[in-house]
Structures are given as structure tokens and as C-alpha cells.
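# Working through the structure, step by step
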Amino acid sequence: MLAGPAVGPVLDRVTPLAERFRTADRRVHLVGGVVRDLVLGRSSVDLDLTTDARPAQIKALVSGWADDVWSQGERFGTIGCRHGDDVYEITTYRADAYDPASRKPVVEFGDTLEGDLVRRDFTINAMALDPTSAELVDPHDGRRDLEEGVLRTPGPPDVSFDDDPLRMLRAARFVARFGLVPTDELLASMRRHAPRLGIVSAERIHDELLKLLDGPDPAVGLRVLDEQGLLELFLPEADVDAVVLGRLDDPIGRLAGLLRHAPVDALRARLSTLRASKAEAAAVVRTVSGARGALAAPAIDPSMLRRLALDARESIDGVRAL
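As a convention, each chain's residues are numbered from 1 in the sequence order in which they are written. Reporting in this predicted model follows two pLDDT cut-offs: at least 70 for local features of residues, and 80 or more for side-chain atom pairs to be given and counted; totals over whole chains, interfaces and linings ignore these cut-offs and use all residues. Excluding hydrogens and water, the side-chain values take into account all heavy atoms of the structure.

## Some words on helix α14 (residues 264-273)
Think of it in three bands: residues with accessible area under 20% of the maximum for their type are buried, residues over 50% are exposed, and the middle band is partly exposed, with areas taken using a 1.4 Å probe on protein chains only. Only DSSP runs of H or I reaching four residues or more are called helices, and only runs of E reaching two or more are called strands; each is numbered from the N terminus. Taken as a whole, α14 has its buried residues at L267, R270 and L271. Down the axis of α14, the buried set is contained in an arc of 95°. They therefore lie on one face. By the convention used here, residues are in contact when the closest approach between their heavy atoms is within 4.5 Å. Tucked into the core, α14 has its buried residues touching α11 (231-234), α13 (251-258) and α15 (278-290). Taken from the helix axis, the directions to the C-beta atoms give the arc we talk about.

Okay, structure coming up:
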């Protein structure tokens, strides 16, 4: 049973929905990041659930209870709904298979919670919580891995990364966010599968990069990508300097810090390749251009960092105003 001050408020938000499923003899569990955060003693706004009910059954079960229901993700097994201020994403158990020529999943619905959990990216995200009993379902020892600071996959990492290469970038993000240490097996698999990142869309890589840069210590995760030969595949101009990144507190500013040595034309080309928005690209170019004189110095000094941080803040505020 999972306990702690953060658990009760989350269960209170989910129990009425869970009771509707239980009355219909259907199973439903909280899953993924919300469970990981609760194990860490952190509150969470995410309410992601998994169930043995099929999408049509999910819609029927939330009908009359939810204020709004949306089904854009129905072909992937996901039904979204809102009740009051809470938003729920409810997904049928999955047993994904992937097209080997792309990372697009071929959706197959599963029949067991355990089968759904084993297909998830890392053990720390492969836990589920029963909303009615607070029982933690943890077949891959994700709680232990969080406690011991270990990052690993539920199954063989070669299978996981071959199925979905974007998970290699997520590995770096979780290393940076939670201070986890990847297993040697996981790192070796990242090196072997680095070329497979080529099948992932630039948009997905861009989004994952910004999530990494939004973490508390992005340099740690970026070094993991660099040492396994991944960073050079999508950001070869990057200069991972922990001092520079540590003095910037916004992902767009940190992106500018990473690309601070790139010539402006190369900088624009790289941002275009990454499918950055026009506003984001303009902010990064303005930041780097504004600090160009200081960056030409042989050593990075505090005044340059202050200038880079100021230019980043002004540019980012401009992006947010758009």
C-alpha cells in the first residue's frame, strides 16, 4: 500500500471515477508519471489511467459523470475527459508493436495490467496504483530503482530502444531530472542504437530536447547523449558547458547557451532542421548574436554569462508575448 501526504488528495480526485469502473467489473489504475511522483512523495496534476475497458466502454462509463469527453486519441485507445477542474486521460491496456521502418506504433489492445506495464519506457514509469486500495503494482521494481537512483528498462533495452528510439532522449531527461544513474547495459544499448534516432521526426526530437533543457541539471543528461554518440546526430554544434547552462534558467535560453558558438547562418539552419518555431528561433538567434562579442573571448567570464542570461530573458519574454 502506498502512503504519504501526497497520495490521499490524488486518490480523492480519482476514486469516484474508479468506482464507476469497479461497478461495471472493469479494472482501472493510475499509471506512469503520476505514480512515480507519488512514490517520490511529490504531488502531481497528471491523472493518467490504464484500464481493461475498451475505448467504447470507457466513453460509456464516463458519460453522465464527465463534464466534457474527447476522443481524438481513440484509435490509440485513449479517451480524455474533464470533471470539474480535473482532466483524466484513460487508456486501454496496450500491447504495442512497432513498424520497424518507423517509430509509429501498431496499436494492439492488451488484456492484462502486467502486459501494459512491461511495454513502458523505464521501470520508474512502469508502476501502477489502484485508486480504491492504494495498492502499488510494481512488477519491475521501479520503486527500488527510484530509491537506489538507477535508470533501466522493464525489459531488454535493445528491444525498448529498437521499438522507440526516442526513449534514448527520454533516458537523458530522467537522468537529469531525477539524478539517476543509467545501467551499463542501458548505456551500451544507447550507443548501439544511436543511428536509429534517424527514424524519429525532428519535431519529436525538438520537443524532447526542450523538456531536457527545462530540467534542474540539463548538462548531466546532455553529457549522457554526447558520450553515447547521440547529441552529434541532431545538435552537432552544441557546446555542453555546465557553468553556462547552470546560469540560465529557461529552456530557450539554455538552447542558446548550447549553440552559442555557432555562426548565425549555421544557427538558423540548425533551428530550422529541428523545426523550432519562428519565435523560438528568433529568440535563440537574438540571444546568441547579442552575446557574440563576449563569446569571442578565449575564456567564459561572469560578465558574458550575465549578458547571455539578460539577452535570453528579453528574447524569451518576447516569445511569450506572441
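## A short note on the sheet that holds strand β5 (residues 86-92)
Pairing is mixed in the open sheet, where seven strands are placed in the order β3-β4-β5-β2-β1-β8-β9. Since the sheet does not close on itself, it has two edges, and those belong to β3 (68-70) and β9 (136-137), each with one partner. Both strand β1 (residues 28-31) and strand β8 (residues 128-129) contribute to a ladder of two bridges, which runs antiparallel. Bridge pairing in β8 places V31 opposite A128. Whenever a helix is involved, its axis is fitted only over the stretch in contact; in every case the axis is a line through C-alpha atoms, and angles between N-to-C directions fall within 0 to 180 degrees. Contacting β1, β2 (48-51), β5 and β8, helix α1 (residues 7-23) crosses the sheet at an angle of about 45° to β5. What makes two strands pair is DSSP finding at least two bridges between them.

## Observations concerning the nonpolar core
Soluble globular proteins tend to bury their nonpolar side chains together. Here, the term nonpolar core denotes a set of buried Ala, Val, Leu, Ile, Met, Phe, Trp, Tyr and Cys residues that are joined through side-chain atoms within 4.5 Å. In terms of nonpolar packing, the biggest core is built from 82 residues, with L30, M190 and F234 touching the most fellow members. Each residue touching L30, except ones within four places of it in the same chain, is listed here: V10, L11, V14, V35, L47, D48, L49, M127, A128, L129 and P131. V31, Y93, L117 and A128 belong to the second largest nonpolar core, which has seven residues in total.

## Description of unusual backbone geometry
The backbone of A134 sits at a positive phi, close to 60°, despite the residue not being glycine. Mapping A134 onto the fold places it in the loop between β8 and β9. Although it is not a glycine, D141 sits at a positive phi angle of roughly 60°. Within the secondary structure, D141 sits in the loop between β9 and α5 (142-148).

## Looking at the packing of aromatic side chains
Ring pairs (aromatic) are described by centroid distance and by the angle formed between their planes. Each Phe, Tyr or Trp ring (for Trp, its six-membered ring) is paired with any other whose centre lies within 6.5 Å, and the angle between the two planes then decides the class: stacked below 30 degrees, edge-to-face above 60, tilted in between. Per the stated rule, a full pass over the model turns up three aromatic pairs. When the ring of F122 is compared with that of F174, the centres are 5.7 Å apart and the planes differ by 80°; the resulting orientation is edge-to-face. Taken together, the residues F122 in the loop between α4 (113-118) and β8 and F174 in helix α7 (residues 167-178) connect sequence positions 52 residues apart. The class of F122 is buried, set by a relative accessible area of 0%. The class of F174 is buried, set by a relative accessible area of 4%. A network of ring pairs unites the aromatic residues F122, F174 and F178 as a single cluster.

## Topic: the pattern of salt bridges
Here, a salt bridge means any Lys or Arg side-chain nitrogen found within 4 Å of an Asp or Glu carboxyl oxygen. Under the definition given, this model contains 24 salt bridges. K59 is the salt-bridge partner of E74, the closest N and O atoms lying 3.1 Å from each other. Here E74, found in the loop between β3 and β4 (78-83), pairs with K59, found in helix α3 (residues 55-62); they are 15 residues apart in sequence, far enough to count as distant. With a relative accessible area of 25%, E74 lands in the partly exposed category. What makes K59 partly exposed here is its relative accessible area of 30%. R144 is the partner of D141 in a salt bridge, and the nearest nitrogen-oxygen pair spans 3.6 Å. Assessed through its relative accessible area of 33%, D141 is described here as partly exposed. Of the residues examined, R144 reaches a relative accessible area of 36% and is grouped as partly exposed. When salt bridges that share partners are traced, they join D121, D164, R167 and R170 into one network.

Function cannot be inferred from these measures alone, as they are strictly geometric.
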